[in-house]
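Here's the letter readout for the chains.
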Amino acid sequence: MQHDSTMTSTWQTLSIESANIIEKVGRVVVAVYGRRRIPSSGVQWRPGIVVTADHALERDEEISVTLPDGQGVMAALVGRDPSTDLAIIKSDSVNLPIPEFGDIRALKVGNWILAAGRTAEGGARAGLALAGVVGGAWRTWRGGLLDHTLRLDRNLHPNFSGGPAADDRGRILGIITAGLSRYAAVVIPASTVERVTEELAKRGHIGRGYLGVAMQPVRLPLKIREALRLGSDSGVLIVSVEPGSPADKAGVILGDVFVAINSNAIEDVDDLQDHLAGELIGSSMKVSLLRGGAPAEVVITIGERPRSS
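The rules behind these values
- Residues numbered from 1 in each chain as written.
- Predicted model: local features only at pLDDT ≥ 70, side-chain atom pairs only at ≥ 80, totals over all residues.
- Heavy atoms only, no water.
- Buried < 20%, exposed > 50% of the residue type's maximum accessible area, 1.4 Å probe, protein only.
- Helix = DSSP H or I, 4+ residues; strand = E, 2+ residues; numbered from the N terminus.
- Pairing = 2+ DSSP bridges.
- Phe/Tyr/Trp six-rings, centres within 6.5 Å; stacked < 30°, edge-to-face > 60°.
- 1 Å grid on protein atoms, 1.4 Å probe; cavity = no way out; pocket = protein on both sides within 12 Å on 5 of 7 lines; lining within 4 Å.
- Points joined across faces, edges and corners; volume = space filled by probe spheres on them.
- Nonpolar A, V, L, I, M, F, W, Y, C, P; charged D, E, K, R; others polar.
- Expected span 1.5 Å × (residues − 1).
- Salt bridge = Lys/Arg side-chain N within 4 Å of Asp/Glu carboxyl O.
- Axes fitted to C-alpha atoms, helices over the stretch in contact; angles between N-to-C directions.
- Core = buried A, V, L, I, M, F, W, Y, C linked by side-chain atoms within 4.5 Å.
- Contact = heavy atoms within 4.5 Å.

A. Here's a closer look at the pairing of strand β6 (residues 86–90). Counting buried residues along β6, four of its five residues qualify, which places the element largely inside the surrounding structure. Where strand β3 (residues 49–53) meets β6, five bridges bridge the pair, whose relative direction is antiparallel. Pairing of valine 51 across the sheet is with isoleucine 88, part of β6. One ladder, built from five bridges, connects strand β5 (residues 72–81) with β6; its direction is antiparallel. Counterpart to arginine 80 in the pairing with β6 is alanine 87. Connecting β5 to the antiparallel partner β6 that follows it, the hairpin turn spans four residues, and aspartate 85 within it adopts a positive phi of roughly 60°.

Written as structure tokens, this is what we have:
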């Protein structure tokens, strides 16, 4: 009897605490009407600035949001970043409390994650999932870099996309999206959201570094690795160079094999992409390469990827 009473008390406590967390987090959650049928959710990240999932925002105009008190207001698109599946919209009528943020790095696999959202009627919506995968930085299939990995153990209703994932203290860990994985919801870390929001607010888009080459990974022959004392067994083969591109201007030619950038080994395309962050546009990088089996170096000034590409 004592055991049953203890279990009942524990479940009651968990139930009350989770409801309190959703109530707390829900104060900064809005419904975003930017697509057909059901709305997505959004989070007031800064006063007047709402973050939502880019894939759930199907139009650039006639966007509206429903506030927690049920009031509907119009909003304007500020910018999008499909590579991280984030978009920000702005409305002077959105003036909600300042969110409290948490850190994905403090999580362990199996920790409970609470999801918050808004229904089509503007009411609160709650979901519960487990931290299915927790890890370091990873690059999305669209080329965007997420600072940390948090994948839930299941998918959530599409209405949750753009809404917050919260920890057991009601701190927002990031933005939920169904647009970066087919199999389970992904949480875009708060640090990534902050970085993307900052650049979108300034420029309206995310600048991507650009060299103007097509490339593929390639294994290096053992004799070459030993002769040149290379620390890795692979590099990146240049299979085409766009005329007039930064790589072309630097003297890169078809068949070159990049093996290092600024003395950091390059083993695959992702390694090279890590050196093309938006904040590096306009800076120079020293590329160590193999040309006809002999070592060479070029210095490339990183350009900005054309918006249309």
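B. Up close: the packing of aromatic side chains. One pass over the structure, following the stated rule, counts one aromatic pair. For the pair tryptophan 45 and phenylalanine 101, a centre-to-centre distance of 4.5 Å together with 40° between the ring planes defines the contact as tilted. You can see tryptophan 45 sitting in strand β2 (residues 40–46) and its partner phenylalanine 101 sitting in the loop between β6 and β7 (112–118), a full 56 residues away along the chain. With relative accessibility at 34%, the residue phenylalanine 101 sits in the partly exposed group.

C. Quick peek at unusual backbone geometry. Even without being glycine, aspartate 85 reaches a positive phi, approximately 60°. The topology assignment puts aspartate 85 in the loop between β5 and β6. Its relative accessible area of 1% is what places aspartate 85 among the buried residues. With a phi angle near 70°, serine 263 is a residue other than glycine that sits in the positive phi range. Its place among the elements puts serine 263 in the loop between β18 (257–261) and β19 (264–265). You can call serine 263 exposed: its relative accessible area is 63%.

D. Just the layout of surface pockets, in detail. Reported here for the largest pocket is a volume of approximately 740 Å³. Along its surface, the largest pocket is lined by 29 residues, and Asp81, Ser83, Ile206, Gly207 and Arg208 are the ones closest to its centre. Only β5, α2 (190–203) and α5 (269–273) provide two or more residues apiece to the lining of the largest pocket. With three residues, the single largest contributor to the lining of the largest pocket is α2. Split into classes, the residues belonging to the lining of the largest pocket amount to seven nonpolar, nine polar and 13 charged. By volume, the second largest pocket is sized at about 220 Å³.

E. Representation of the environment of lysine 249. With respect to the secondary-structure elements, lysine 249 resides in helix α4 (residues 246–250). Taking the C-alpha atoms as reference points, lysine 249 and valine 43, 206 residues apart in sequence, are found 44 Å from one another.

F. Region of interest: α2. Here α2 contains 14 residues, and its C-alpha end-to-end distance of 20 Å stays within 8% of the 20 Å for a straight helix at 1.5 Å per residue. For α2, the complete set of buried residues consists of Ala190, Thr192, Val193, Val196, Thr197, Glu199 and Leu200. Positioned one or two residues after α2, glycine 204 has a phi angle of 85°, which is positive.

G. A look at empty space enclosed by the protein. The tally for this structure, following the rule as stated, stands at one cavity of 30 Å³ or more. The computed volume of the largest cavity comes to approximately 40 Å³. Asn155, Leu156, His157, Pro158, Phe160, Ser161, Ile176, Ala178 and Ala185 together form the lining of the largest cavity. Split by residue class, the lining of the largest cavity holds six nonpolar, three polar and no charged.

H. Focus on the pattern of salt bridges. The tally for this structure, following the rule as stated, stands at 15 salt bridges. Members of the salt-bridge network, linked through shared partners, are Arg46, Glu194, Glu198 and Lys202.

I. Spatial organisation of the sheet that holds β2. The six strands are arranged β1-β2-β3-β6-β5-β4 in a closed barrel whose pairing can be described as antiparallel. On average, adjacent strands in this sheet sit at an angle of 45° to one another, irrespective of strand direction.

J. Spotlight on the environment of alanine 19. Counting through the fold element by element, alanine 19 comes out in helix α1 (residues 2–26). C-alpha separation for the pair alanine 19 and isoleucine 300, spaced 281 residues apart in sequence, amounts to 54 Å.

K. Seen up close, the nonpolar core. The biggest cluster of nonpolar side chains holds 26 residues, and the ones touching the most others in it are Val25, Trp45, Val51, Leu86, Ile175, Ile188 and Val193. For this core, the elements supplying multiple residues, two or more each, are α1, β2, β3, β6, β7, β13 (172–177), β14 (186–189) and α2. Sort the elements by how many residues they give to this core and α2 lands first, with four residues. Discounting residues that sit within four places of it in the chain, leucine 86 has contacts with Val51, Thr52, Asp54, Arg80, Asp81, Ile175, Ile188, Thr192, Val193, Val196 and Leu200. One finds Leu211, Met215, Met285 and Val287 within the second-largest nonpolar core, a separate group that totals 18 residues.

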